[in-house]
Structures are given as structure tokens and as C-alpha cells.
Amino acid sequence: MRKFTLFFTLLSILSLNLPAQSHHLMPVPRRVEWPAGQFRLDKQFTLTVSKSAPENLIAAADRFMRRLDGRTGLFLLQIESDFIRNDNLPKEANLDIQVERKGKLELGEDESYQLKVDADGITLTATTDFGAMHGLETLLQLLEVDADGYYFPAVQIEDEPRFPWRGLMIDVARHFEPMHVLKRNLDAMASVKLNVFHFHLTEDQGWRFESKKFPKLHEMGSDGLYYTQDEMRDLVAYAADRGIRVVPEFDVPGHSTALLVGYPELASAPGPYTIERKAGIMDPTLNPTIDATYDLLDTLFKEVTDIFPDVYFHIGGDENNGKQWDQNADIQAYMKANKIADNHALQTEFNRRILKTLTSYGKKMMGWDEILQPDLPKDAVIHSWRGKEALYAAAKDGYQAVLSNGYYIDLCKPTDHHYLNDPLPASMTADLTADQKARILGGEATMWGELVTPLTMDSRIWPRTAAIAERLWSPESVKDVDDMYRRLGVISLQLEELGLLHIASREMIMRKLCRGPHTEPLRVLLDVVEPLKGYERNPASKFYKMLSPMSLFADAAGPDAAGARIFRAQVQAYLANPTPENKAVIRAQLLAWRDNHAQLKPIIDRSPVLKEVEQLSANLALISGLSIAVMDEVRPYEDTMDAAFEAAKEQGGRTELMVVDAIQELIKE
Ligand code: ACM
């Protein structure tokens, strides 16, 4: 038995070329040391929390115990007094958590922690409860298993974040996301040490905030899908318990059709307005030249600030196309009379008035990078989405700034694209002073909602956002892509423990599409396709509107097709080193793809919803067969084959095959 274990351990170390101490921590801590030894876990495992600890840390410690128990099945202690505040402990606690004080839920609060594991026990120390909670997440990621059971490896960690603003934005306006979906995503955020939930609440396509002062906002602008004020307060408290700030966004003056459904008199062109069903940049825009607009926003924003205590308040400000302003004679006359040169200047004036309101409520105004115009007061925060230029320009100009350009997870780009997107790469920021760099607060992954529903949203956010979380937490030098993917595979499964559907939703969609549990041939195809990237999947809202079905093939496809990534690596290995063994691996894969279509075809024949991918499947079979024939020297590569490879690049079901180039590269001189 021992020999076997040793053999397999050696084998896995050699064949995967892993470092001997290959942990799966994500984000990677600032400093880690691995002394020899381990702490073995048994069902008597106890923990204690310092007497001064705030209540939410007690609750967090309890959640930690339950998650540990869920993973190990040890039936750990579960009576609160068994492990709280050292009162009733049957023995000295195995995990001792010491914090100095309750953290303030504000930007820049101390989130550091120190974790020490040795054979005798575990100590977790932190200045604040937020730091301690980060440490508990690290500890859960450290759990290992061997033939004798579960253990924590001996370790010494000193950890703190690189950036203070590490966020996830969820757009709940294009598609409504129920509270329980948001809560499980808050749990996931906490598990990878993200600390800002940016709540994008309003859009052309929906108004999700219950307003007691202006009930027509949610009654007419939401299809009945909105959050009550109590629900939002509850969400804020839930996030706060996990050390997560909530920053609400009310997008003005553009992206405001849903507001104008109930209040068309505030628009820059006559109504009536209806809730927008298409995606894109829309014309409806608030009229910035009438007092009624500010009267509503002043009163509404007071209501909002009563619910969202965070200092930061996001006003959107993006993608105002100015068409309604250009066509409104009163607005043009106003601009002339007030010497306002253009629409940008008019929007800046609008922003200044909003800023005044928000300042009077004790808030700091944040907006997308369009708000960065001459005369914008310096206490506004710039949220860069169109490029990093705005980020650095803002910082040089004296503004604080947050990066989302490069973190648009709705665009279905692979994880490494986001992972390598550093907010402050040494190469681009050499000319920034230390003060200017310090104004770059961090970044946010942005989950825009045009193409996601509660069924698929988790799969668009996770696990990729864990890699973004690492980019924002860990030192810049942590950027080994292969190692990131290795750890991400482990973290992804751990995220499922929090109730996320990012893996399960694919299975559910496949069963529906296949009209039964036999889904394997569809999975083979799904493993090598990705949804069309960028804005290609739905240009000009041609293929999808807001009520379109989003439980089809493309929705089961993921942005990081694992089968394709593995195959591409195998092809590179084979081309570099064309041994019979390397060839056999590839040949077996091509054979499986060549023969898969014959297995998928009968399923498609009885499930018309899958017709849209029949050609895709046939194309994969065809190019795989051609490739085998050439590799086996049954026939030479012929120019006519180029057409087959070109055809295989055509989309099917709004997805594309991610192995076409690799298969062609194998055989084309
Ligand atoms: C944006 O993506 N319009 C901020």
C-alpha cells in the first residue's frame, strides 16, 4: 500500500512537473513558508475565538466548521459553546483565532492575517475580523487528504492584499437575479477574498430598486422583478458580515429607459417609453436642463443612501450617445445660453449637480470613465472600462480610479486573458509617482447581464473571477498561467460547496437539450467549443433579446473549453517532440472526435433544439478524420483540405470550435 502511494506520488510529481510543494491556494498569499509536518484533523477538532471578537466572526467561524465538516464528513462539533470564546472547551482548542478589533467596512481597512499550522495546532491572528475571515478561507483551501484521513500541512503565512478595492459587479438589470443567487455569489467572493460588490441596479432593460418615494420606477420599470428595500438591507448586512462593501450603481443620464417608463417627463424626447428588450446603446436620456430631473434624483438618492451605507455611490455615466440632446431645441437653447460647448460639457454639468447632491449625503461619486472630462471635481472616482489610458490619466490628474477594462467576464474570454491584466504593470506605469500609483485602488470583474440568467450566471462568473481575485490580491510576480489553471481546477470544485451552479448548470442544460440523461456525445462537443467572444455573440441584438431563451447550447458552453486547452497543449508537445507516445495521445483524441458525430446525430435527430450545432459536430468529425488520414500517411495534405478547416471555423449555435487551428497545425506543412 505504502509502496503504491509512493509510486503514484512520484509519478504525479514527475509527469505533471509540479513543484514538490504544490499548494492550491488562490489567491496566493504574500509570504508562505512550508516547514515539515502536518496537523491531523479528527472529529474532536475544536476552535476558539478571542473574547473580544465581534459576533460576525463567531458566525464566520461556525460557517468554517460546517464547510470543513461538509468536506470531511467527520461530524465535527456543532454546539456553539463548544468552540466559542474558550468557555466550554473540552480541551485546548486546535484552532485559536485572535483578532484585535472589529473592522470598519471601508476602503483601505486592515485585511491582513497571519496563519501558522504545526503538528500541535493552528493559530490565526489578525487585526480585524475581515483579516481573520480571509485566513479561514485560506485554511479551508489548505486542507489535504491522504490514505489516513484529512490534515492541514504545516505552514506559516503572512498575508495582505496588494489592492484595497477588489470587486465584482453584477448587472441585475438586464436580467433579474434573485437574492439567493446574489448571496451565493457573495459567499464565493468572500472565499477568494474579494471585498466590493458593485450592484448595477438600473438599466434601459430594467429598474430593480423599490422606491417608496417614486413607486412608478419599480412598478412600471421592472416587469415585477425588483428588490424590496428590506431585501436590499438584508443583502447589505449579509455582505457586511463577510467583509464585503456594497456599492450601488444608478446609471444616469443614459441607460435610463426603465426610469423613463414611469417618468417620461424627465426624458430629453417625448415618450411614452417601454422597457427595452434589446441589448445595445439606446437613445433615451434624462433631460439635464430641467429641475424636475434633479428633484427626482435628489429624493431618490437619499432613499438609496439610507439603504446602502458605503461611502461610494456609482452614477454610471457611460454611453450617453447624446442623440436626444442634439434633437431637443430647449436643450440646445439652454446650452447656448449657458455657453456649454458640447454634450460632454453638458454631462459634466449634470455630474457636478449630482456630485453636489451626493456630497451633501456624505457620499463619494464614482462613474465610468466617460465622466472624466475637464472640470470634473477631483473627488469623483473614475471607473475605467474602455482602456487603461483612462486609469492612468485619471491617477495623474489627481483622481482615484478602479480598473475594469480587461475584466469584462461577460465577453467570454479565457481566464488567462483576465489573469494577466495587471492594473499596475511595471512596464506601463514607470512614469507614475508613488502617489499616483496609490490612487489606483484596484479593479472589478464586471458581469454584464445581457446574456445571463440565474441558471447560467455562476458559470460566467466562476471560476474565472477567482483568477481576477488573485490578480488583485497577490503580488504582481504571481503570474504563472499553467499553475493558475492547475489551482483554478481545484478552487472551482470548492466553489461548488457554496451552492454555486457554475458546473451543474451545464449538466442541467445538457440533459434538457438531449431530452434525457445520455449526454456524453454532447459533452464531447461542448468540451471543445466556446461561446462567441466579445460582442460577436449578439451583434446589434440580432440573435438575442432580453426574453430570449438562455438555456441552449451556447449557454452550456464555457469560456475556457478545457478539452480544447488540453488538446492545444498536447499538440504543442507533440510538434516539439514527435515521439510515438505523444502521437498516440493525439491520435486517440482525434479518433474520439471523428467518431463522436455518429453518436451525437441520433440525439440531434430527436431533439430539434440541437439542430443548430449539427454542422459544428460534423465539422469536428470531418477535420479530425482528415487529420488522422494525413498523420497515418493514408493521404497527403491537399490544398482542398483548407476549405474544410475554414468551414470548421464557422459558428454553430453561437459557439465556435476551439481546436481547428491546432488540428490543422498537426498536419499542414
Ligand atoms: C460599460 O460597459 N458601458 C460601462
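Treat the numbers as computed from the prediction; the structure is a model and nothing was measured. (Residues numbered from 1 in each chain as written. Predicted model: local features only at pLDDT ≥ 70, side-chain atom pairs only at ≥ 80, totals over all residues. Heavy atoms only, no water.)

A. Geometry of the sheet that holds strand 8 (residues 149-153). An order of 2-8-7 is seen for the three strands of this open sheet, with the pairing classed as antiparallel. The two strands at the open ends of the sheet, each matched to only one other strand, are strand 2 (38-40) and strand 7 (144-146). Sheet twist, expressed as the mean angle between neighbouring strand axes with direction ignored, is 40°. The pairing of strand 7 with strand 8 spans three bridges and is classified as antiparallel. Residue pairing in the sheet places V145 in a bridge with Y150 of strand 8. (Pairing = 2+ DSSP bridges. Helix = DSSP H or I, 4+ residues; strand = E, 2+ residues; numbered from the N terminus. Axes fitted to C-alpha atoms, helices over the stretch in contact; angles between N-to-C directions.)

B. Representation of the packing of aromatic side chains in the model. The final tally for this structure, using the stated rule, is 18 aromatic pairs. Ring plane angle 25° and centroid distance 6.0 Å describe the contact between F250 and F313, whose orientation is recorded as stacked. Taken together, the residues F250 in the loop between strand 14 (245-249) and helix 8 (257-262) and F313 in strand 15 (residues 312-314) connect sequence positions 63 residues apart. A single burial state applies to F250 and to F313, both of which are buried. A connected cluster of aromatic rings, assembled from ring pairs, spans F176, F197, F199, Y227 and F308. Just above the ring of W165 sits the side chain of R245; from NZ or CZ to the centre is 4.4 Å. (Phe/Tyr/Trp six-rings, centres within 6.5 Å; stacked < 30°, edge-to-face > 60°. Buried < 20%, exposed > 50% of the residue type's maximum accessible area, 1.4 Å probe, protein only. Lys NZ or Arg CZ within 6 Å of the ring centre and 35° of its normal.)

C. Fine view of the sheet that holds strand 4 (residues 95-101). Here we have six strands laid out as an open sheet, ordered 1-9-5-6-4-3, and mixed in their pairing. With partners counted over all chains shown, the strands left at the sheet margins are strand 1 (31-33) and strand 3 (47-49), one partner each. Strand-to-strand twist in this sheet, taken as the mean axis angle between neighbours without regard to direction, amounts to 5°. Relative to strand 9 (residues 155-159), strand 5 (residues 113-118) runs antiparallel, the two sharing five bridges. When the sheet's bridge partners are listed, V117 is paired in strand 9 with V155. Along the sheet, helix 4 (residues 129-142) contacts strand 4, strand 5, strand 6 (121-128) and strand 9; its crossing angle with strand 6, the most-contacted strand, is approximately 150°. (Contact = heavy atoms within 4.5 Å.)

D. Fine view of the confidence of the model for the protein. Across the protein, pLDDT averages 94, with 95% of residues at or above 70. At the level of individual helices and strands, the protein shows its lowest average pLDDT in helix 1 (residues 2-16), which scores 40, and its highest in strand 11 (residues 196-200), which scores 99. This stretch, residues 1-20, has a pLDDT under 50; its non-local contacts, to residues over four places away or in other chains, come to five contacts. (pLDDT = per-residue confidence, 0-100.)

E. Looking closely at the pairing of strand 5. On strand 5, burial follows the alternation: Y113, L115 and V117 on one face are buried, whereas Q114, K116 and D118 on the facing-out side are not. Looking at chain direction, strand 5 and strand 6 are connected through five bridges and run antiparallel. By the bridge assignment for strand 6, K116 is matched with T123. The antiparallel hairpin formed by strand 5 and strand 6 contains two residues in its connecting segment.

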